Structures are given as structure tokens and as C-alpha cells.
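# Structural description and commentary
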Amino acid sequence: MPGPLPVRGSIVVPEAELTWRFSRSSGPGGQGVNTTDSRVELGFDVARTTAFGPVLRARALERLAARLVDGVITVTASEHRSQLRNREAARERLAALLRDAIAPPPKRRRSTKPSRGAVERRLAAKKHRSDLKRLRRTED
């Protein structure tokens with residue numbers, strides 16, 4: 001499990017750029033809950049990374065701006081009882097966040113307008129409907 005973090009394709013974050021912190025976790029754990037540091041915080045410095053090129057780094061900084069503190073993104077995992085499973089969960093979460101952050105922007109939609117025939121058919125259908133309703137009315 002330790003080692004570089006694969007993000008997407010050939011993009012891999014080196015292990016040296018990941019910072020780990022461990023602390024006591026709240027929640028389930030039985031007798032060992034007060035003695036084991038099972039809560040995991042995984043930090044990654046997006047602003048100073050060598051894993052991304054300048055374009056990907058700028059894109060990630062822009063998209064993750066709300067979650068960054070001094071250019072560092074932190075992911076926390078404490079849902080499992082064991083530290084190892086929390087480490088795996090934190091790695092997966094960080095990889096998914098980075099994958100979404102460096103994804104290329106979606107293609108822009110080319111605006112189109114309905115064809116003349118489609119507009120005429122729609123208006124004819126509306127006219128027909130209104131004529132039907134008008135003929136149903138009773139004159140008082």
C-alpha cells in the first residue's frame with residue numbers, strides 16, 4: 001500500500017510528496033479505541049508538486065481552491081477501525097479528488113436553433129389545439 005499514488009494514466013504522485021498524520025479516532029473500536037491512532041489525515045501540497053505539469057497544476061489549484069489551505073489539500077478517513085484500512089480509504093479519496101480536479105474541461109455546447117419546419121409544425125399544433133378548445137366552448 002505505501003508507495004506512489006496513481007491518479008490517472010501516467011500521472012503518479014510520489015510517496016515523498018504525501019504527508020501522513022495519525023490521531024485517535026472517535027466511533028467504534030472497543031477496548032483499543034483509546035490507545036490506537038486509527039484516524040488518518042493525508043496531506044498533499046498541490047501548489048508545489050512535481051507530479052503535475054503547469055497546466056494541470058493551475059487547473060487543480062483553481063478547482064480545489066475552496067478546499068486548499070496554503071496550497072495543501074487534506075483528506076481525512078476515520079470510518080474503519082484499523083489504521084491500515086483508513087490509510088487505504090484516504091489514498092482512494094485523495095486520488096479521486098485529484099482525478100476530478102485535473103480532468104479536462106467538458107466540451108462547450110454548440111448552440112443550435114430549431115429548423116424552420118420544426119417551428120412551423122409546433123405552431124400548427126398549437127393552433128390546432130387552441131381551435132379544438134375554442135370549438136368546445138359554449139356561447140352564453
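Residues numbered from 1 in each chain as written. Predicted model: local features only at pLDDT ≥ 70, side-chain atom pairs only at ≥ 80, totals over all residues. Heavy atoms only, no water.

The condition is simple: UniProt positions are given in the numbering used here, feature names are shortened, and annotations may be inferred rather than shown by experiment.
The protein chain goes by Aminoacyl-tRNA hydrolase in an unreviewed UniProt entry, where it is assigned to Microbispora cellulosiformans. What UniProt records for the protein chain under Sequence similarities (unreviewed entry) is the sentence "Belongs to the prokaryotic/mitochondrial release factor family."

### A closer look at the overall build of the protein chain
Condition: Numbered from the N terminus, helices here are DSSP runs of H or I no shorter than four residues, and strands are runs of E no shorter than two. For a compact globule the rule gives 2.2 Å times the number of residues to the power 0.38, and the radius of gyration it is set against comes from C-alpha atoms. When accessible area is computed with a 1.4 Å probe and restricted to protein chains, residues below 20% of their type maximum are described as buried, those above 50% as exposed, and intermediate ones as partly exposed. Any two residues whose heavy atoms approach within 4.5 Å at even a single point are treated as in contact. Using a 1.4 Å probe, accessible areas were evaluated by the Shrake-Rupley method; residue-level cover was limited to the displayed protein chains. Here Asp and Glu are counted as negative and Lys and Arg as positive; His is not counted, and neither are the chain ends. Lysine's charge is taken at NZ, arginine's at CZ, aspartate's at CG and glutamate's at CD.
A tally of helices and strands in the protein chain yields three helices and five strands. What you see in the protein chain, going N to C, is helices and strands ordered as β-β-β-β-α-β-α-α. Taking 14 Å as the expected radius of gyration for a compact globule of 140 residues, we find that the protein chain reaches 28 Å, considerably beyond that expectation. A buried classification covers 28% of the 140 residues belonging to the protein chain. Long-range pairs, those at least 24 residues apart, make up 62% of the contacts in the protein chain with a sequence separation of at least 6. Summed over all atoms, the accessible surface of the protein chain reaches about 10,200 Å², with 52% contributed by carbon and sulfur. Both charge centroids of the protein chain, one from 30 positive and one from 15 negative side chains, sit 9 Å from each other.

### Let's talk about the side chain of T49
So the rule is basically this: N or O atoms closer than or at 3.5 Å make up a polar contact, with two conditions inside protein: a donor-capable atom paired with an acceptor-capable one, and, for residues adjacent in sequence, both atoms drawn from side chains.
In this fold, T49 is placed in the loop between β4 (39–45) and α1 (54–63). Side-chain polar atoms of T49 contact the backbone nitrogen of A51, separated by 3.0 Å. Apart from residues lying up to four places away in sequence, T49 is in contact with E17, F44 and R57.

### Structural notes on the nonpolar core
Definition in use: Joining through side-chain atoms within 4.5 Å is the link that ties buried Ala, Val, Leu, Ile, Met, Phe, Trp, Tyr and Cys residues into a set, and such a set is a nonpolar core.
Of all hydrophobic cores here, the largest spans 27 residues; its most connected members are F44, F52 and L94. Of all the secondary structure elements, the ones that give two or more residues to this core are β1 (5–8), β2 (11–13), β3 (18–23), β4, α1, β5 (72–77) and α2 (83–102). The element best represented in this core is α2, accounting for eight residues. Each residue touching F52, except ones within four places of it in the same chain, is listed here: I11, F44, R57, A60, L98 and I102.

### Considering the packing of α1 against α2
Pairs of packed helices are described in terms of their axes, by the angle between the two and the distance that separates them. The following threshold applies: To get an axis, a line is fitted to the C-alpha atoms, and for a helix only the part in contact is used. The angle between two axes follows their N-to-C directions and goes from 0 to 180 degrees. Note on terminology: angles under 35 degrees are roughly parallel, angles over 145 are roughly antiparallel, angles of 65 to 115 are roughly perpendicular, and the others are oblique. Following the grouping adopted for this structure description, the nonpolar residues are Ala, Val, Leu, Ile, Met, Phe, Trp, Tyr, Cys and Pro, the charged ones are Asp, Glu, Lys and Arg, and the polar ones are all others, Gly among them.
For the pair α1 and α2, interaxial distance at closest approach is 8 Å and the crossing angle is 110°. Here α1 lies roughly perpendicular to α2, going by the angle between them. Packed against α1, whose contacting residues are L56, R59, A60 and R63, the element α2 presents D100, A101 and I102 at the interface. Taken together, the residues of the contact of α1 with α2 sort by class into four nonpolar, no polar and three charged.

### Topic: the sheet that holds β3
Strand pairs in the sheet, formed through backbone hydrogen bonds, run parallel or antiparallel to each other. Inclusion rule: One bridge is not enough; two strands pair if DSSP finds at least two bridges between them.
Strand order in this open sheet of three strands is β3-β4-β5, and the pairing throughout is antiparallel. Both edges of this open sheet fall to β3 and β5, since each of them pairs with a single strand only. On average, each strand axis in the sheet is tilted by 20° relative to the strand beside it, whichever way the strands run. One ladder, built from six bridges, connects β3 with β4; its direction is antiparallel. The residue bridging W20 from the neighbouring strand is L42, located in β4.

### A short note on the pairing of β4
For β4, a buried count of five out of seven residues is recorded, marking the element as mostly surrounded by other parts of the structure. Looking at chain direction, β4 and β5 are connected through six bridges and run antiparallel. Note that in β5 the partner of G43 across the bridge is T74.

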